[in-house]
Amino acid sequence: MTSVSSALRAAAAPVWDASLAHPFVRGLGDGTLDETAFRSYIRQDYRFLIDYARLLSLGAARAPRVEWMRRFAGLASSVLEIELSLHRAFAGRWGVSIAELESERAAPATAAYADFLLRVASLGDFAELCAAVAPCMWGYAEIGVALAASATSDRYAEWIDMYASAEFGELAAWSRSLLDEVDGDVERMTEAFVTSSEHELRFWDAAAAPAPRPAAG
Ligand SMILES: Cc1ncc(CO)c(N)n1
């Protein structure tokens, strides 16, 4: 019998292939990605990570096992305490100031993804929450590893190395094990996993063609 995680991965395969083949993702590997688009992506991803921490916190609140609760709470804390400050430092090296990060408004694709995740986390069951969060971890790990193996430029190496790291790979493996262990309806889990994967793809689309954004008031 195939595992739940591989069934979900198979259901989303065309979307994941499209993400891997996306011009923005390819451009990270071959260094052709426009730096203005990358800066805009960094600003949007910072907004995303804040809501991602809310999602992880809801995961902690809703987890049926203390072991999972501890992991979700630990992840929420590491996003808030470590990842956001790493992100600020990383953005700074790309010429994006803290003020710019703080004043960035969520673009439609960012808001749509975050709203979907928080909707599932609030209204779905815990298994759907796990299925919605998995593409964030597993998808970026897969992209990181693929780019680390194929990159022909080191322009975006710091970004690639972050997601190709053993630590991030372990996180992706944990998200898969969660899918395989959690007690849930596979059809609804598939729906959440595929929808989340589609939002990841739309996030790349928006990153590749950032729309002009009015500044926050
Ligand atoms: C949109 C998005 N998905 C996943 C990750 C992985 O943390 C990220 N940084 N941004």
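Residues numbered from 1 in each chain as written. Predicted model: local features only at pLDDT ≥ 70, side-chain atom pairs only at ≥ 80, totals over all residues.

Novice: Quick one: what's the story with the overall build of the protein, residue by residue and with numbers?
Specialist: From N to C terminus, the protein includes eleven helices and zero strands. Along the protein, from the amino end to the carboxyl end, the secondary structure elements read α-α-α-α-α-α-α-α-α-α-α. A compact globule built from 217 residues should have a C-alpha radius of gyration of about 17 Å, and the protein, at 17 Å, falls within 12% of that. Along the longest, intermediate and shortest principal axes, the C-alpha atoms of the protein span 45 × 40 × 30 Å. By the burial criterion, 36% of the 217 residues in the protein qualify as buried. Contacts in the protein between residues far apart in sequence, at least 24 positions, make up 81% of those at least 6 positions apart. (Helix = DSSP H or I, 4+ residues; strand = E, 2+ residues; numbered from the N terminus. Rg over C-alpha atoms; globule rule 2.2 N^0.38 Å. Buried ≥ 20, exposed ≤ 12 C-beta atoms within 10 Å, placed from the backbone. Contact = placed C-beta atoms within 7 Å.)

Novice: Residues and numbers for the site of the ligand, please.
Specialist: Every residue lining the ligand is accounted for by D45, F48, C136, Y140, E200 and F203. When contributions to the shell around the ligand are tallied by element, the ones reaching two or more residues are α4 (35–62), α8 (126–150) and α11 (186–208). Here the shell around the ligand is built from residues that sort into four nonpolar, no polar and two charged. (Near = placed C-beta within 6 Å. Nonpolar A, V, L, I, M, F, W, Y, C, P; charged D, E, K, R; others polar.)

Nothing here speaks to function; it is all geometry.
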